[in-house]
Amino acid sequence: MKITIIYNNEANAGLKSGWGFSCLIEDKEKILFDTGDDGEKLIYNMKQLNVEPKDIDKVAISHNHWDHNGGLKEFLKLNGNAKVFHPKSFSKPTEISPGVHSTGALGKLIKEQSLVVNTEKGNLVITGCAHPGLEKIIEEARQLGTIYGIAGGFHGFSKLEKLQGIKLIAPCHCTKYKQEIKQRYPAQFREIKAGDIIEI
Ligand SMILES: [Zn+2]
Ligand SMILES: [Zn+2]
């Protein structure tokens, strides 16, 4: 199982950064999770990372904020066949691809889904902005099994004790307390920027 960070506020050399998040999950199928805020930059980064838009089977949008769905239109011009899962599609956990579940739309004001990906080591939770509260997302994801890791935007999440026992913690995008998380969980913390790959 491989996750490639395509879009993020910070990027590795040769890639464009932008406010937003997008990653590609490659397991049995190829799933694009979120699309950043700018379609041109998204497609540019995909090319640099040898990700062929046409090869992507499915797209899941965490929530309808511009920094997550901004690149969708440009992407769909290059791939009109990918099935798109919007956050309002489900109100409870649903398998969107073999071994990949959506938590369903959580949150009251902003409906947001996160993905839970089965790996050999446990589940990897992938979040967009975590507006419903990362603790809520963790609680929901735990219904699907043990959490091995969490990656994505953690937003204003500050109940750091809730990350206890999680082996891989990779906050990026809108995470406000990244430094605090790093200090508290130095061995589990992983810095991720556009271009980085998580393989489990
Ligand atoms: Zn965001
Ligand atoms: Zn947002």
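Look a little higher up for the structure.
This report concerns the structure included in the present document. Just so it is clear, the structure is predicted and the values come from calculations on it, not from any experiment.

**Quick word on the coordination of the zinc ion (ligand 1)**
- Taken together, Asp-67 (OD), His-68 (NE2), Cys-129 (SG) and His-173 (NE2) make up the full set of protein donors to the zinc ion (ligand 1), lying 2.1 to 2.2 Å away.
- Around the zinc ion (ligand 1) sit four donor atoms, and with donor-metal-donor angles ranging over 93 to 144° the site reads as irregular.
- The two metals, the zinc ion (ligand 1) and the zinc ion (ligand 2), are separated by 3.8 Å. With respect to burial, Asp-67 and His-68 carry one shared label: buried.

**Some remarks on the nonpolar core**
- With 25 residues, the main nonpolar core has Ile-3, Ile-25, Phe-33, Ile-96, Leu-115, Ile-126 and Ile-198 as its most contacted residues.
- It is strand S11 (residues 168-172) that provides the largest number of residues to this core, a total of three residues.
- Not counting chain neighbours up to four residues away, the residues in contact with Ile-25 comprise Met-1, Lys-2, Ile-3, Lys-30, Ile-31, Phe-33, Leu-115, Val-117 and Ile-126.
- Within the second largest apolar cluster, 19 residues are counted, among which are Ile-137, Phe-154, Phe-157 and Tyr-185.

**Some details on the side chain of Ser-62**
- If you trace the backbone, Ser-62 turns up in the loop between strand S4 (58-60) and helix H2 (66-69).
- For Ser-62, a relative accessible area of 0% puts it in the buried group.
- Discounting chain neighbours no more than four positions away, the residues touching Ser-62 are Phe-33, Asp-34, His-68, Pro-87, Lys-111, Glu-112, Gln-113 and Gly-128.

**Some thoughts on the coordination of the zinc ion (ligand 2)**
- Ligation of the zinc ion (ligand 2) by protein atoms is provided by His-63 (NE2), His-65 (ND1) and His-131 (NE2), these donors lying 2.1 to 2.2 Å from the ion.
- Between consecutive donor residues of the zinc ion (ligand 2), the sequence gaps follow H-x1-H-x65-H.
- The class of His-63 is buried, set by a relative accessible area of 0%.
- Look at His-131 and you get partly exposed, because its relative accessible area is 25%.

**Quick look at the packing of aromatic side chains**
- Using the criterion set out here, one finds two aromatic pairs in the structure.
- An angle of 85° between the planes, with centres 6.3 Å apart, marks the rings of Phe-154 and Phe-157 as edge-to-face. Here Phe-154 matches Phe-157 in class, with each residue buried.

**Focus: helix H1 (residues 39-48)**
- Those residues of H1 lying buried are Gly-39, Leu-42, Ile-43, Asn-45 and Met-46. Viewed along the axis of H1, the buried residues span an arc of 160°, placing them on a single side of the element. Those residues of H1 that are exposed and aimed more than 90 degrees away from the buried face are Glu-40 and Lys-47.
- Residues of H1 that are buried sit in contact with strand S1 (2-7), strand S2 (22-26), strand S3 (30-33) and helix H3 (72-78).
- Its side-chain oxygen 2.9 Å from the backbone nitrogen of Glu-40, Asp-38 forms the N-cap of H1.
- Asn-50, located one to two residues past H1, shows a positive phi value of around 55°.

**Focus: helix H4 (residues 134-142)**
- Every buried residue belonging to H4 is among Leu-134, Ile-137, Ile-138, Glu-140 and Ala-141, and all of these are buried. With its buried residues spanning 165° around the axis, H4 presents them on a single face.

**A closer look at the pattern of salt bridges**
- In this structure the tally under the stated criterion is seven salt bridges.
- The residue Glu-135 makes a salt bridge to Lys-159 at a minimum N-O spacing of 3.1 Å. Taken as a pair, Glu-135 in helix H4 and Lys-159 in the loop between strand S10 (147-153) and S11 lie far apart in primary sequence, 24 residues in all.
- A residue is classified by how much of its surface remains accessible, and Glu-135, at 23% relative accessible area, is partly exposed.
- Between Glu-140 and Lys-136 there is a salt bridge, with the nearest N and O atoms lying 3.5 Å from each other. Within this pair, Glu-140 and its partner Lys-136 are both found in helix H4, separated by four residues, close to a single helical turn.
- Assessed through its relative accessible area of 31%, Lys-136 is described here as partly exposed.
- If you follow the salt bridges from partner to partner, you end up with Glu-10, Lys-178 and Glu-191 in one network.

Definitions and cut-offs
Residues numbered from 1 in each chain as written. Chains lettered and ligands numbered in written order. Predicted model: local features only at pLDDT ≥ 70, side-chain atom pairs only at ≥ 80, totals over all residues. Heavy atoms only, no water. Donors = N, O, S within 2.8 Å, 3.2 Å for Na, K, Ca; no water. Tetrahedral: all angles 85-135°; square planar, octahedral: opposite > 155°, others 65-115°. Buried < 20%, exposed > 50% of the residue type's maximum accessible area, 1.4 Å probe, protein only. Core = buried A, V, L, I, M, F, W, Y, C linked by side-chain atoms within 4.5 Å. Helix = DSSP H or I, 4+ residues; strand = E, 2+ residues; numbered from the N terminus. Contact = heavy atoms within 4.5 Å. Phe/Tyr/Trp six-rings, centres within 6.5 Å; stacked < 30°, edge-to-face > 60°. Arc of directions from axis to C-beta. Polar contact = N/O pair within 3.5 Å; in protein donor to acceptor, adjacent residues only side chain to side chain. Salt bridge = Lys/Arg side-chain N within 4 Å of Asp/Glu carboxyl O.

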